[in-house]
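# Structural features, examined
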Amino acid sequence: MIKPVYQRILLKLSGEALLGDEDYGIDPAIIGRIANEILEVRDTGVQIAIVIGGGNIFRGAGLAESGIDRVTGDHMGMLATLMNSLALQDSMEKVGVDARVMSAISVHAVSEDYIRRRATRHLEKGRVVIIAGGTGNPFFTTDTAAALRAIEIGADIVLKATKVDGVFSADPHINKNAQLYESLSYDAVIEGKLGVMDANAIVLCRDQGMPIRVFNVFGSGNLMQIVKGRKVGTIVC
């Protein structure tokens with residue numbers, strides 16, 4: 001077996017990635033496959049933290065557009081990330097992965113409070129840590145939460161899971177001639193408005209030297225290939 005090139009990773013999953021063929025909520029087949037891939041990577045000795053979005057249930061900005069107060073909408077979105085985190089925890093436990101949900105907003109009946117040192121200790125014990133609730137503050141996306149938590153826990157890289165094969169020069173679903181970038185600088189992503197992650201997250205990663213790899217979560221085995229050091233998707237550094 002090839003030795004993993006990373007000791008600790010932070011995987012950023014969007015809520016939409018859990019939709020699969022569903023119009024709303026969670027596709028059990030998709031979340032089950034993700035859980036199995038996480039199991040394979042965990043078994044190589046890699047420590048895994050996960051930040052998950054809630055867009056498959058509620059998105060604060062979208063709720064604000066429909067008339068709900070933005071702060072209230074963002075709090076609803078944070079609770080949606082907790083729902084997704086509990087579903088992922090359940091799927092991982094079913095395949096034998098010891099997982100802990102830690103939330104930036106206190107919901108003691110179903111999750112632990114996010115405390116950096118406690119999260120790090122869970123990782124050192126081989127547990128997968130699922131971080132819910134975003135940053136705990138309105139107006140910040142789960143992309144920013146992923147960048148922040150990755151830096152806090154000392155991750156080697158942020159792995160941004162998407163529906164496409166990486167970062168393209170244009171939307172590959174619209175333009176068949178769109179170019180896939182193998183690597184990009186942080187500044188190129190910001191100046192080109194390429195939509196890898198929101199600008200706050202990119203700037204935070206840039207200032208702290210945290211690399212980001214964007215890859216297709218629906219590509220079977222992609223996560224393991226990345227951990228082995230293969231060039232999958234786009235690296236931003």
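On a predicted model such as this, the values are computed, not experimentally measured, just so you know. (Residues numbered from 1 in each chain as written. Predicted model: local features only at pLDDT ≥ 70, side-chain atom pairs only at ≥ 80, totals over all residues. Heavy atoms only, no water.)

### Structural notes on the overall build of the protein chain
Worth spelling out the cut-off: Where helices and strands are cited, they refer to DSSP runs of H or I of at least four residues and of E of at least two residues respectively, numbered from the N terminus. Values of the radius of gyration come from C-alpha atoms, whereas the globule rule sets the reference at 2.2 Å times the count of residues to the power 0.38. The buried label applies to any residue whose accessible area, calculated with a 1.4 Å probe on protein chains only, is under 20% of its type's maximum; exposed applies above 50%, and partly exposed to all values in between. We call two residues contacting when some pair of their heavy atoms lies within 4.5 Å. Each accessible area is a Shrake-Rupley estimate made with a 1.4 Å probe; only the visible protein chains count as cover when residues are assessed. Counting rule applied: Lys, Arg positive; Asp, Glu negative; His and chain ends not counted. To locate a charge, the coordinates of NZ of Lys, CZ of Arg, CG of Asp or CD of Glu are taken.
A count of helical and extended segments in the protein chain gives 8 helices and 11 strands. Here the protein chain has a C-alpha radius of gyration of 17 Å; the compact-globule value for 237 residues is 18 Å, and the two agree. Its C-alpha atoms give the protein chain principal-axis dimensions of about 50 × 50 × 35 Å. Counting only residues that meet the buried cut, the protein chain has 51% of its 237 residues in that class. Sequence separation of at least 24 residues holds for 71% of the intrachain contacts in the protein chain that already meet a minimum separation of 6. Accessible surface, the protein chain as shown: approximately 11000 Å² in total, 50% of it carbon and sulfur. Charged side chains of the protein chain number 25 positive and 27 negative; the gap between the two group centres comes to 7 Å.

### Remarks on the packing of helix α1 (residues 28–42) against helix α3 (residues 70–94)
The following threshold applies: Interaxial angle, 0 to 180 degrees, is taken between N-to-C directions of lines fitted to C-alpha atoms, where a helix line uses only the stretch in contact. The labels follow the angle: roughly parallel below 35 degrees, roughly antiparallel above 145, roughly perpendicular from 65 to 115, and oblique for the rest. Handedness of a crossing follows from how the near helix is turned relative to the far one, being left-handed for an anticlockwise turn of less than a right angle and right-handed for a clockwise one. Just so you know the grouping, Ala, Val, Leu, Ile, Met, Phe, Trp, Tyr, Cys and Pro go in nonpolar, Asp, Glu, Lys and Arg go in charged, and all remaining residues, Gly too, go in polar.
With their axes 9 Å apart at the nearest point, α1 and α3 run at an angle of 60° to one another. When the axis of α1 is compared with that of α3, the two are oblique. Two packed elements cross with a definite hand, and for α1 against α3 that hand is right-handed. Taking contact as the criterion, the partners of Ile 31, Ile 34, Ala 35 and Ile 38 in α1 are, on α3, Ala 87, Leu 88, Ser 91 and Met 92. Looking at the contact of α1 with α3 residue by residue, the class counts come to 7 nonpolar, 1 polar and no charged.

### Section: the pattern of salt bridges
Note the cut-off: Only one rule defines a salt bridge in this text: a Lys or Arg side-chain nitrogen within 4 Å of an Asp or Glu carboxyl oxygen.
A complete count under the given rule lists 14 salt bridges for this structure. Note that Arg 100 is salt-bridged to Glu 112, the shortest N-O span being 3.8 Å. Here Glu 112 lies in strand β4 (residues 112–113) and Arg 100 lies in strand β3 (residues 99–103), a separation of 12 residues in the sequence. Salt-bridge contacts for Arg 149 lead to Glu 152; the nearest nitrogen and oxygen are separated by 3.0 Å. Highlighted residues: Arg 149 and Glu 152, both in helix α5 (residues 142–153), separated by 3 residues, approximately one helical turn. Here the salt bridges do not stand alone but share partners, grouping Asp 98, Arg 100, Glu 112 and Arg 127 into one network.

### Topic: the environment of Gly 134
As for its position among the elements, Gly 134 is in the loop between β5 (128–132) and α5. Residue classification places Gly 134 among the buried residues on the basis of a relative accessible area of 10%. Between the alpha carbons of Gly 134 and Ala 146 there is a distance of 7.8 Å; along the sequence they are 12 residues apart.

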